[in-house]
Amino acid sequence: MSHQVLVEAPGMHRVEDHTPREPGPGEALVAVHAVGVCGSDREVYRGNRPEGYVRYPLTPGHEWSGTVRAAGAGVPAGLVGRKVVGEGFRNCQVCDRCHAGETTLCTAGYEETGFTRPGAMAATLTLPARLLHPLPDDADLTAAALLEPAACVAAAALKAGARPGERVAVVGTGTLGMFAVQFLKAVSPAELLVVGTRGDREALSRRFGATGFRLVSAEGPALPDDFDVVIEAAGSASAARTAASLLRRGGRLVLTGIPAPGADGLDPTGLVVRQLEVHTVFGAPPDAWAHTVRVFGAGLLDPLPLVTHELELTGFAHAIELVGAGDPTVGKVLLRP
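Described below are features of the structure shown in this document. Remember, predicted model here, so these are calculated numbers, not experimental data.

Re the packing of helix H4 (residues 147-160) against helix H5 (residues 175-185)
With their axes 9 Å apart at the nearest point, H4 and H5 run at an angle of 50° to one another. In terms of orientation, H4 lies oblique with respect to H5. Seen from above, H4 lies across H5 with right-handed handedness. Two secondary-structure elements touch here, H4 through Pro-149, Ala-150, Val-153, Ala-154 and Ala-157 and H5 through Thr-175, Leu-176, Phe-179, Ala-180 and Phe-183. Taken together, the residues of the contact of H4 with H5 break down into nine nonpolar, one polar and no charged.

Structure representation (structure tokens):
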């Protein structure tokens, strides 16, 4: 028996004993090493997740790392013992979108680990083995627990298509923003600007490769407007507008944050007249996951500086409080079974 977080209704949870479910055909049983807590988990806990995107009672946990302990029929035996991370979207694999590699747009309907299927806030997680991405044998599993948000940013970076020598920028200095800096740095841009609202994030931004840092301020000097590529990673309507304003005519914008429902968005007239190319990201398809694991394995992605708190699984409620407190000293919070 082992601990498991169970959210039974909005604002209610308990930690109970949990018997691991043995893997069936095509499945793998993973011993969870660490699981990340993010704003989406707080929404689940408070009942703010839109209807259809969560199913109670629920074991949360969509950002995780672990080691395969058992494999069901049809799964290569060599997977047992491997360090892994895993995709969250439970795609059907047979619809047109899945065949095109766009698994986050699967027409069979939304299903995701930690929201509609049992997540990783437990000692073990049983899931389809096809969703797993093996890591190098010497991978740091604590760092790897952050590869799910990194994969979402990788999807943004791939859509942005930044090329060596282009001028690129990131709006937002949280976990997603700092991953965006690292992915964009890897393509050798001529300039890499970070724009945010917290001056204390400048040192970390520059550590990850930023060549410039600017604060959003109504009284400060105007921001530049001639960048080739901008990735927005702050999750607010104002950040989206700021990101669009940084672009040259014909520039490429990728939105990764999710503003509150009903937020005023981008000015469509400006998008058309300036001929901006706009993309959005919700989750990560397999190519983004593969890209993330490859970059992580090559040592070009460093998640550990983003982790500020590691708690036992029984500290779930405290972790939720930390994530929602707005304390600038709180970065990524991890739970350990």
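Read on for the rest.
Some remarks on the pattern of salt bridges
Pairing is possible between side chains that carry opposite charge, provided their charged atoms lie close to one another. Across all of its chains, the model carries 18 salt bridges by this definition. Residue Glu-16 pairs with Arg-14 through a salt bridge whose shortest N-O separation is 2.6 Å. Overall, Glu-16 belongs to the partly exposed group, its relative accessible area being 23%. Overall, the relative accessible area of 36% leaves Arg-14 in the partly exposed class.

Regarding the packing of H4 against helix H9 (residues 286-297)
For the pair H4 and H9, the least separation of the axes is 8 Å and the interaxial angle reads 110°. As the angle between them shows, H4 and H9 are arranged roughly perpendicular. Considering how the two elements wind past one another, H4 and H9 form a crossing that is right-handed. In this structure, H4 uses Leu-147, Glu-148, Ala-150, Ala-151, Ala-154, Ala-155 and Leu-158 to contact H9, whose residues at the interface are Asp-287, Ala-288, Trp-289, His-291, Thr-292 and Phe-296. The class makeup of the residues in the contact of H4 with H9 is nine nonpolar, two polar and two charged.

Brief notes about helix H7 (residues 237-245)
Residues of H7 that are buried include every one of Ala-237, Ala-239, Ala-240, Thr-242, Ala-243 and Ala-244, and no others. Where the residues of H7 are buried, they touch strand E8 (167-171), strand E9 (191-196), strand E11 (227-232) and strand E12 (247-255).

A closer look at the environment of Val-80
Counting through the fold element by element, Val-80 comes out in the loop between strand E4 (63-71) and strand E5 (83-86). Distance in space between the C-alpha atoms of Val-80 and Val-68 is 5.0 Å, their sequence separation being 12 residues. In contact with Val-80, other than residues within four places in its own chain, are Val-68, Arg-69, Ala-70 and Ala-71.

Points about the nonpolar core
Side chains of a nonpolar character, in soluble globular proteins, are inclined to be buried together. Leu-135, Leu-147, Val-181, Phe-183, Phe-296 and Leu-301 are the most contacted members of the largest nonpolar core, which has 48 residues in total. Put simply, the parts of the chain that give this core at least two residues each are helix H3 (141-144), H4, E8, H5, E9, E11 and H9. When residues of this core are assigned to their parent elements, the largest contribution, 10 residues, is made by H4. Among all residues touching Val-181, those that are not within four sequence positions of it are Val-170, Leu-192, Val-194, Ser-205, Phe-208, Gly-209 and Ala-210. One finds Ala-28, Tyr-45, Ile-320 and Leu-322 within the second-largest nonpolar core, a separate group that totals 29 residues.

Observations concerning the side chain of Thr-67
Locating Thr-67 in the fold gives a position in strand E4. Those residues in contact with Thr-67 that sit more than four places away from it in its chain are Leu-29, Val-30, Ala-31, Gly-81, Arg-82, Lys-83 and Leu-141.

Considerations on H5
Counting buried positions along H5 gives eight out of 11 residues, so the element sits mostly inside the fold. Residues of H5 that are buried include every one of Gly-177, Met-178, Phe-179, Ala-180, Val-181, Gln-182, Phe-183 and Leu-184, and no others.

Considering the sheet that holds E8
Within the open sheet, the six strands sit side by side as E10-E9-E8-E11-E12-E13. Their pairing is parallel. Across the chains shown, the open sheet's two edge strands, defined by having one partner strand only, are strand E10 (212-215) and strand E13 (277-280). Each strand of the sheet is rotated relative to its neighbour by a mean of 20°, with strand direction disregarded. Of the pairings in the sheet, the one linking E12 to E13 comprises four bridges and is parallel in character. What sits directly across from Arg-252, in E13, is Glu-277. Across the face of the sheet, H5 comes into contact with E8, E9 and E11 while running at roughly 165° to E8. With respect to the sheet, H7 is in contact with E8, E9, E11 and E12, its orientation differing from that of E12 by roughly 145°.

Calculation rules
Residues numbered from 1 in each chain as written. Predicted model: local features only at pLDDT ≥ 70, side-chain atom pairs only at ≥ 80, totals over all residues. Heavy atoms only, no water. Axes fitted to C-alpha atoms, helices over the stretch in contact; angles between N-to-C directions. Helix = DSSP H or I, 4+ residues; strand = E, 2+ residues; numbered from the N terminus. Parallel < 35°, antiparallel > 145°, perpendicular 65-115°, else oblique. Left-handed = near helix turned anticlockwise from the far one by under 90°. Contact = heavy atoms within 4.5 Å. Nonpolar A, V, L, I, M, F, W, Y, C, P; charged D, E, K, R; others polar. Salt bridge = Lys/Arg side-chain N within 4 Å of Asp/Glu carboxyl O. Buried < 20%, exposed > 50% of the residue type's maximum accessible area, 1.4 Å probe, protein only. Core = buried A, V, L, I, M, F, W, Y, C linked by side-chain atoms within 4.5 Å. Pairing = 2+ DSSP bridges.

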